[in-house]
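# Examination of the molecular architecture
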Amino acid sequence: MSAPGVLSFTQQVWEQVLAKMKRALVYLDAACAESLHWGCGSTRLLEAVGGPACHLREFEPDAAGGRAEQPKAVFVLSCLLKGRNVETLRDIIRRSHFQYCVVVTTVSHAVHLTANHVPAAAAAELEGQQPVFEQLEEKLCEWMGNLNYTAEVLHAPLLLAPVAPYLALTPSFASLFPLLPKDVYLLNSARPDKRRMGSLAEVDATALTPELLLQIRCLVSGLSSLCEHLGVREECFAVGSFSRIIASDLANYAPAKNRRKTASGRASVVFVDRTLDLTGTVGHHGDNLVEKIISVLPQLPGHTNDVVVNMVELTALQAKEENHNMVAPGCLAQSNDTAAKALWEALLSTKHKEAVMEVRRHLVEAASRENLPIKMSMGRVTPGQLTSYIQLFKNNHKALMNHCGLLQLGLATVQTLKHPQTAKWDNFLAFERLLLQSIGESAMSIVLNQLLPMIKPSNQRTSDDYSPEELLILLIYIYSVTGELTVDKDLGEAEEKVKKALAHVFCEESELSPLLQKITGCDSSINLTLHKSQVAVDELFTLLRDIAGARDLMKQFKSVYVPGSHTHQASYKPLLKQVVEEIFNPERPDPVDIEHMSSGLTDLLKTGFSMFMKVSRPHPSDHPILILFMVGGITVSEAKMVKDLVLSLKPGTQVIVLSTQLLKPLNIPELLFATDRLHPDLGF
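Residues numbered from 1 in each chain as written. Predicted model: local features only at pLDDT ≥ 70, side-chain atom pairs only at ≥ 80, totals over all residues. Heavy atoms only, no water.

### Remarks on the overall build of the protein
- Along its length, the protein carries 28 helices and 14 strands.
- Scaling as 2.2 N^0.38, a compact globule of 684 residues should have a C-alpha radius of gyration of about 26 Å, and the protein matches this with 26 Å.
- Along the first, second and third principal axes, the C-alpha set of the protein runs to 75 × 75 × 55 Å.
- Summed over its atoms, the accessible surface of the protein is roughly 30,100 Å², and 54% of this surface lies on carbon and sulfur atoms.
- Taking the average place of the 65 positive charges on the side chains of the protein and the average place of its 74 negative ones, the gap between the two points comes to 3 Å. (Helix = DSSP H or I, 4+ residues; strand = E, 2+ residues; numbered from the N terminus. Rg over C-alpha atoms; globule rule 2.2 N^0.38 Å. Areas by Shrake-Rupley, 256 points an atom, 1.4 Å probe, with all protein chains shown as cover. Lys, Arg positive; Asp, Glu negative; His and termini not counted. Charge placed at Lys NZ, Arg CZ, Asp CG, Glu CD.)

### A few points about the packing of aromatic side chains
- Taken as a whole and assessed by the stated rule, the structure comprises 7 aromatic pairs.
- Their ring planes at 85° and their centres at 6.5 Å tell us that Phe75 and Phe98 sit as a pair that is edge-to-face. With Phe75 in strand E3 (residues 72-77) and Phe98 in the loop between helix H4 (84-94) and strand E4 (100-105), this residue pair connects regions lying 23 residues apart in the sequence. No difference in accessibility class separates Phe75 from Phe98, as the two residues are buried.
- For the pair Phe271 and Phe629, a centre-to-centre distance of 5.6 Å together with 35° between the ring planes defines the contact as tilted. One end of the pair, Phe271, is in strand E9 (residues 265-273); the other, Phe629, is in strand E13 (residues 625-631), with 358 residues separating them in the sequence.
- Three or more aromatic residues joined by ring pairs make a cluster, and in this case those are Tyr27, Phe59, Phe75 and Phe98.
- One residue, Lys82, lies across the ring of Phe684, its end atom 5.2 Å from the ring centre. (Phe/Tyr/Trp six-rings, centres within 6.5 Å; stacked < 30°, edge-to-face > 60°. Buried < 20%, exposed > 50% of the residue type's maximum accessible area, 1.4 Å probe, protein only. Lys NZ or Arg CZ within 6 Å of the ring centre and 35° of its normal.)

### With respect to the pattern of salt bridges
- Taken as a whole, this structure holds 30 salt bridges when the rule is applied.
- Look at the salt bridges and you will find they share partners, linking Glu15, Arg44 and Glu47 into a network. (Salt bridge = Lys/Arg side-chain N within 4 Å of Asp/Glu carboxyl O.)

### Quick look at helix H3 (residues 42-49)
- Those residues of H3 that sit buried are Leu45, Ala48 and Val49. An end-on view of H3 places all buried positions within 95° of arc, on one side of the element.
- The inward-facing, buried residues of H3 contact helix H1 (6-18), strand E1 (25-28), helix H2 (30-39) and strand E2 (56-58).
- At the exit of H3 stands Gly50, carrying a positive phi of roughly 70°. (Arc of directions from axis to C-beta. Contact = heavy atoms within 4.5 Å.)

### With respect to the sheet that holds E1
- Here 5 strands make up an open sheet; going across it, the order is E2-E1-E3-E4-E5 and the pairing parallel. Lying at the two open borders of the sheet, with one neighbouring strand each, are E2 and strand E5 (150-155). With strand direction ignored, the average angle separating the axes of adjacent strands in the sheet is 15°.
- Strand direction decides the pairing type here: E3 and E4, joined by 6 bridges, are parallel. Bridge pairing in E4 places Val74 opposite Val102.
- The strands touched by H2 within the sheet are E1 and E3, with E1 carrying the most contacts at an inclination of about 105°. (Pairing = 2+ DSSP bridges. Axes fitted to C-alpha atoms, helices over the stretch in contact; angles between N-to-C directions.)

### Some details on the environment of Asp488
- The residue Asp488 is located in the loop between helix H21 (468-482) and helix H22 (489-507) in this model.
- On the basis of relative accessibility, which here comes to 37%, the residue Asp488 falls in the partly exposed class.
- Spatially, the C-alpha atom of Asp488 lies 42 Å from that of His419, the residues being 69 residues apart in sequence.
- A polar contact of 2.9 Å, which involves the side chain of Asp488, links it to the backbone nitrogen of Leu491. (Polar contact = N/O pair within 3.5 Å; in protein donor to acceptor, adjacent residues only side chain to side chain.)

### Re the environment of Arg57
- With respect to the helices and strands, Arg57 occurs in strand E2.
- Filtering out sequence-adjacent residues up to four positions away, Arg57 remains in contact with Leu25, Val26, Tyr27, Leu28, Ala64, Gly65, Gly66, Arg67 and Gln70.

### Here we look at the side chain of Ser96
- Tracing the sequence through the fold places Ser96 in the loop between H4 and E4.
- Looking at Ser96, its side chain comes within polar contact range of the main-chain nitrogen of Gly66, at 2.8 Å.
- Among the polar contacts listed, one links the side chain of Ser96 to the backbone oxygen of Ile92, at a separation of 2.6 Å.

### Some points on the sheet that holds strand E7 (residues 167-169)
- Here we have 7 strands laid out as an open sheet, ordered E6-E7-E14-E13-E9-E8-E12, and mixed in their pairing. Either end of the sheet is taken by a strand with one partner, and the two such strands are strand E6 (161-164) and strand E12 (595-597). Neighbour-to-neighbour, the strand axes of the sheet open up by a mean angle of 25°, direction not taken into account.
- Of the strand pairs in this sheet, E7 and strand E14 (residues 654-659) are connected by 3 bridges, and their pairing is parallel. Within E14, the position partnered with Leu169 by the bridge is Ser659.
- Along the sheet, helix H25 (residues 575-583) makes contact with strand E8 (232-239), E9 and E13, crossing E13 at roughly 155°.

### Some words on the pairing of E14
- Where burial is concerned, most of E14 is hidden: 5 out of the 6 residues are buried.
- For E13 and E14, the ladder comprises 6 bridges, and the chain directions are parallel. Bridge assignment links Ile625 to a residue of E14, and that residue is Gln654.
- Between the parallel pair E13 and E14, the chain is carried across by helix H27 (residues 636-649), and the sense of this crossover is right-handed. (Right-handed = clockwise from strand over helix to strand, strands pointing away.)

### Focus: H27
- Helix length check: H27 (14 residues) gives 20 Å between terminal C-alpha atoms against 20 Å at 1.5 Å per residue, within 8%.
- Here H27 has its buried residues at Val636, Glu638, Ala639, Met641, Val642, Leu645 and Val646. (Expected span 1.5 Å × (residues − 1).)

### With respect to the packing of H25 against H27
- Taken N-terminus to C-terminus, the directions of H25 and H27 make an angle of 20°; their axes are 10 Å apart at the nearest point. Compared by their axis directions, H25 and H27 come out roughly parallel. The two elements H25 and H27 meet at a crossing, and its hand is right-handed. Contacts from Leu576, Lys577, Val580 and Glu581 of H25 reach H27 at Glu638, Met641, Val642, Leu645, Val646 and Leu649. (Parallel < 35°, antiparallel > 145°, perpendicular 65-115°, else oblique. Left-handed = near helix turned anticlockwise from the far one by under 90°.)

Put into structure tokens, the structure is as follows:
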């Protein structure tokens, strides 16, 4: 039996939920569906329902109700049972013939009390009771039309989508992103009667909007359940001001106090703000096939971390555009297929070249096992060669069924290698390397002037030129890797030239992409005037300056840029790498930027006494389990780097990497420029 981890946690919670589903009509929301998709797979749900037909529906206002022969429903929801969510629940039940309803929420009862403004002292007295859930159970019976019918409301912490044994994501928090100085300005203007906050360092939980605070509390509740499953008492640490708020909330989370008293194991939980280093997320240095797959293939509808793999090639249909939607798409998550899962985990942890060879090896072995007429070829792996192996399975139904997962990953690889965006990946990489050299040798104004000729309107662009979104990616790269800016006349002039060129490019787009619509506030290019475009671009540059200054509050992790010398070129040193190296530094200095969050009086006393006596302060390397939570998303390369680093610096430590989503470069402009970080939509 392996040590408990993210997969066992997710599967154990799902098994409790699936036990309720026998012969039920099942409604899932997107985040819970994504957790199921990576954790157990839909086949496990079909087995649990066990009826001749499985009726599975998306939880949404227009969802069809249950017919007379469907008396039982199970709703699995990743949201607070309040506001719009409860209205949708009511409407579905009223247009159905249910006699038995089970509602599962991923949010604990304690957080429901907070959401309903029950003071902490009163909530503590309610231990063991669940009045919010009980009231909803009564309502459910009322909506079903008979108080003698059965209703259950229960909490199941379906927080995670486990992508690998060491890596899991939180789909319902995909849009959670650390605050920036612009958000401090907005917070200040919303509370004119209170003391103004001078910087992000002064923002604490009391200054946040109620919605954001509740969103953080929902996340903390789920993480507390994970720690309970791992059997650990956690010490919380933070790198960055937003992480400090989350870590402090977990450290002082009242429902966790009793659990911590009885826990036998220990763990360190370190939260890190994504905004401290965006270079790795918009950069193309990650020599990883999976990163390219999720960057170039279309996103699986309703998902934040998986892609659409076109399966038409394995059918008798012609590979025309209109046929693509006739066949259900493939995807990357293969939770029920051991061989495909082994290949997926290999792809996550190898370099691009080895990964492609690994795909070929798996295809050759599978074809040999099925006695298919395979022609062996050595040397470089080409998309054509992989396609020829995949085609062998085409008319063999048994072989197709046996290796369906593997063929999905094979086709994902082929479609990525052939994709025009993949060729552009190397252009980005070359330009980023050039930027790294020029940042060390010249002022920021010169670097921006190098970018100017690349800003071209749509009628002058070829497929090799950069689209407006790609230019934003390059700008984020430049500002994030440079860090602290020396603001002078030259920089001001260079920025104005880039702004002017960008504003014109936005205006001349024949069609605005979804991202540009959000940035400019215009749903069509016809409505986008030059003035509106200039206002939007000014706003972008305010945020780019915020990104450049993101590490100003750090004392130790001030830079991710390593200047070149006679012996080596300038390079980028990921902040996560610096954090992990500092955690396992053999000298064990008191961490400067990795702050420990005290949980109540005993910890405060310890910290106080340590000024006079030799009391060892908690250190993140103290415990056998390290949980590293990147707030705002993580890349495949970063997760692999953390796993490998911990293995080399302190073998025997169990490392769990958690994050809000698996990032591709285009996610970052969306999270930075087109997301309301202060007002997440909680449905009420």
